[in-house]
Structure formats: structure tokens, C-alpha cells
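Okay, here's what each chain looks like letter by letter:
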Amino acid sequence: MRRALRLAANGRGFTAPNPMVGAVIVAAGGKVIGEGWHRRCGEGHAEVNAVASVRESDRHLLADSTMYVTLEPCSHYGKTPPCSRLIVETGIPRVVVGAGDPNPKVNGRGIAMIRESGAEVVTGVLADESIALNRVFFTAQTLHRPYITLKWAQSADGFMDARRGEGAPAYAFSNPLTRLTTMKLRAENEAILTTAATVNADNPRLTLRGWPGREPRPFIIDRHGKTNPVAALLSAATVLSDDNPFDTLFRDFGVSSVLVEAGPRYLSHLLRAEQWDCLRVEIAQEALGDRGVCPAPVLPFGDGVLERTEEIGGHQMLHFVRRGAVGCHPAFL
């Protein structure tokens, strides 16, 4: 199952709104004869790819094999046929499942279909790890909103910008290595959210550069029509004017994960309102002193749990999770 989880993670940034799923087929005696993962939304699921990977010379072993799959096999027709039916038709007699699928179209039906065929099904093996890996999917399915990630970069003495002349770009804290981690984070989210104030102050592009993946769809919160009409982001972005953009992103645009890149005022508002799930803070080595402006939100805060820290290119990266957030398991955070 741990191997299946590692395989599943290969789909990060490509499977949304589907979950990341991995599958491993083990023959009697412990020989791995097939494995696969869900590579991209609309393409074959992990179970399909695992079965397809079995060599013709090993296919007779399927009749006495066990499939390990990180999430309950689907039981409905979507862009692909149901994986539960494939497992039954393939004749695999034992299936070990990580976590159940909370999607109402599945939610136990896949497991039931396999058991009704006479196959043995074991559930709940490394379920916490599977849910943690798919915290975006589980949040969307159970809470009906996107998984919300906040990020910011700051100086060593807690400022998010330096004094600058009119039209000058925002102070750049990130180095080439930490900039890549930001691009990775963007690629893992379906949408990116900022505010009119940030657009007017920094004129950001918020695009994906130097990292493979899907470009996140940009959204701007602008309740009073103040966004600079010649801002670089405006031609590609959707402007939102409501007070709860996350409900709108989920309901009207089908967004299951959003990265918020904004200024300290809006970030502090979201932290106080507990409208977040995950937070990444980059702390540069440089202190700005009296050049510093825009103090960053104060850390630590009441409902935030520091999951891990790391050093990248000399900068400290802090990773927080909101206490009680779906999938707040340290193995995959």
C-alpha cells in the first residue's frame, strides 16, 4: 500500500477534480506483476493502468493475486468505465483498499460490487495516509468547497514589502529555488486568488513558469470596481465581487483547490475567519529594518499547527495546517 501511495502522488497537479490514486497487483508469493496510477483527469484510472501493465506471460497469475489500491474503486460510468467492474471481470480474488471514496456516486458501492462477486475486500489500510494525500478531493466532496492554501514571503523581520517608488515592482524575497516551489504550488492548485489591492500595488502575472503542470485559473476579488484596467492579470482573470469567494469558486466554477496570493490585510482576514486549510510561509534571510512596509500576519496563530519546516536556498519555509482541516496527517503535508 505504501508503494501504491507513492505511485498515486505522481498524479499531483494533473488529476483534479479527480483524486490521486495508485494501485499495485501482487501475485501469490509476493511478486509484483502490475502497478499504475491515475495520470490525468479523463484518462485511465489507477486500477485500469495496473491491470494493463501486467505482462501477457503473467496474466494467468491474476486469478490468485491481490490488488492494493489507495482509494475505493469507482462504481459508476464517468469519463471511463467503473473500475470495480474491471476488477470483477479480471478475476482478481482479493482487493485491499486504503480509504473509502466519499463521492456520493461511489461511497461504498465499489466495495459492495466487488464483494458481491465473491472476491475478498479488506478496507482501511493506511486510510489516514490516503486521505491526507487526497485532502483536496475529500474537502471538496465532504465540505463542498475548495481546499484553501495561503502563502506569503516575508523578510527576516516580518515585512512583506519594502519602500519603493511609484511604479516600482514589489520587493522580491524569493530566490531561484524557492521561486520554483511557488510554481510547484501553483501547478497543484486549480485556481489562484488575489485582490484588487494586490493587483494595483504589484501588477502580478500569477502564471506558471519553469514548472510542468496546468496553469491555475486566476480570480480577483474586487467589490468596488477598483482594479487597474490595464493590469497585466485582468485580461485572463475572472473578477469576483461577493463576500465569500470560496463558495462561488466551488459552486459556479467547479474549483476544488485554490491558492491565495494576496497582501497581509486579506491574508489576516482569512486567518482570523478560519477560512484556510494549509499555509506556507517563506522567511528570507534579509531584514528590511526601516525600509520594511506591509507587516506580515503574526505567527503563530490560534488554530494553526506547524507541521514541518525546511530550508531551501538559505530561506526558511514554514508549513502549517489548520487544526481540524481534512487530511491533516503529517505523512503527506
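Residues numbered from 1 in each chain as written. Predicted model: local features only at pLDDT ≥ 70, side-chain atom pairs only at ≥ 80, totals over all residues. Heavy atoms only, no water.

Participant: Requested: an account of the sheet that holds strand β3 (residues 65-71), with residues and values cited.
Facilitator: Two strands in a sheet stick together by hydrogen bonds in their backbones, pointing the same way (parallel) or opposite ways (antiparallel). Strand order in the open sheet made by the five strands is β2-β1-β3-β4-β5, with mixed pairing throughout. What marks the edges here is a single partner per strand, and that holds for β2 (32-37) and β5 (120-122). Within the sheet, the average angular offset between the axes of one strand and its neighbour, ignoring direction, is 15°. Pairing analysis gives five bridges linking strand β1 (residues 22-27) to β2, with the strands arranged antiparallel. Its bridge partner being in β2, Val 24 is matched across the sheet by Glu 35. (Pairing = 2+ DSSP bridges. Helix = DSSP H or I, 4+ residues; strand = E, 2+ residues; numbered from the N terminus. Axes fitted to C-alpha atoms, helices over the stretch in contact; angles between N-to-C directions.)

Participant: Outline the pattern of salt bridges, supporting the account with residue identities and numerical values.
Facilitator: Under the criterion given, the structure shown has 17 salt bridges. Among the ionic pairs, Asp 58 bridges to Lys 31, the shortest N-O distance being 3.2 Å. Here Asp 58, found in the loop between α2 (46-52) and β3, pairs with Lys 31, found in the loop between β1 and β2; they are 27 residues apart in sequence, far enough to count as distant. Looking at Lys 31, the relative accessible area reads 40%, which means it is partly exposed. Residues Lys 151 and Glu 261 are paired through a salt bridge, measuring 3.7 Å at the closest nitrogen-oxygen approach. Placement of Lys 151 in strand β6 (residues 147-154) and of Glu 261 in the loop between β11 (257-260) and α10 (264-272) is noted, with a sequence separation of 110 residues between them. As far as the burial class goes, Lys 151 and Glu 261 line up, both buried. Residues participating in the shared-partner salt-bridge network are Arg 12, Lys 184 and Glu 188. (Salt bridge = Lys/Arg side-chain N within 4 Å of Asp/Glu carboxyl O. Buried < 20%, exposed > 50% of the residue type's maximum accessible area, 1.4 Å probe, protein only.)

Participant: How would you sum up the packing of aromatic side chains? Please name residues and give values.
Facilitator: For any pair of aromatic rings, the description consists of the separation of the ring centres together with the inter-plane angle of the planes. Applying the stated criterion across every chain, the model contains three aromatic pairs. Seen in terms of ring centroids, Phe 137 and Phe 138 are 6.0 Å apart; in terms of plane orientation they differ by 85°. Their pairing is edge-to-face. Like Phe 137, the residue Phe 138 is buried in the burial classification. Seen in terms of ring centroids, Phe 219 and Phe 253 are 5.0 Å apart; in terms of plane orientation they differ by 70°. Their pairing is edge-to-face. Of this pair, Phe 219 sits in strand β9 (residues 217-221) while Phe 253 sits in helix α9 (residues 245-253); the two residues are 34 residues apart in sequence, bridging distant segments of the chain. (Phe/Tyr/Trp six-rings, centres within 6.5 Å; stacked < 30°, edge-to-face > 60°.)

Participant: Describe the sheet that holds strand β8 (residues 191-195), with residues and values.
Facilitator: The strand order β10-β9-β8-β11-β6-β12-β15-β14 describes an open sheet built from eight strands, whose pairing is mixed. A single partner strand is all that each edge strand has here, and the edge strands are β10 (238-240) and β14 (304-312). Averaged over all pairs of adjacent strands, the angle between their axes in this sheet comes to 25°, without regard to strand direction. Against the sheet, helix α7 (residues 176-187) contacts β6, β8, β11, β12 (278-283), β14 and β15 (315-322), and its axis sits at roughly 165° relative to β12. (Contact = heavy atoms within 4.5 Å.)

Participant: How would you sum up α9? Please name residues and give values.
Facilitator: Helical geometry: 3.6 residues make up each α-helical turn, so side chains three or four residues apart lie on a common side. Residues Pro 245, Phe 246, Thr 248 and Leu 249 constitute the buried set of α9. All buried residues of α9 lie within an arc of 160° about the axis, which places them on one face of the element. Packing partners of the buried residues in α9 comprise β6, β8, β9, β10, β11 and α10. Positive backbone phi, at 65°, marks Gly 254, one or two positions downstream of α9. (Arc of directions from axis to C-beta.)

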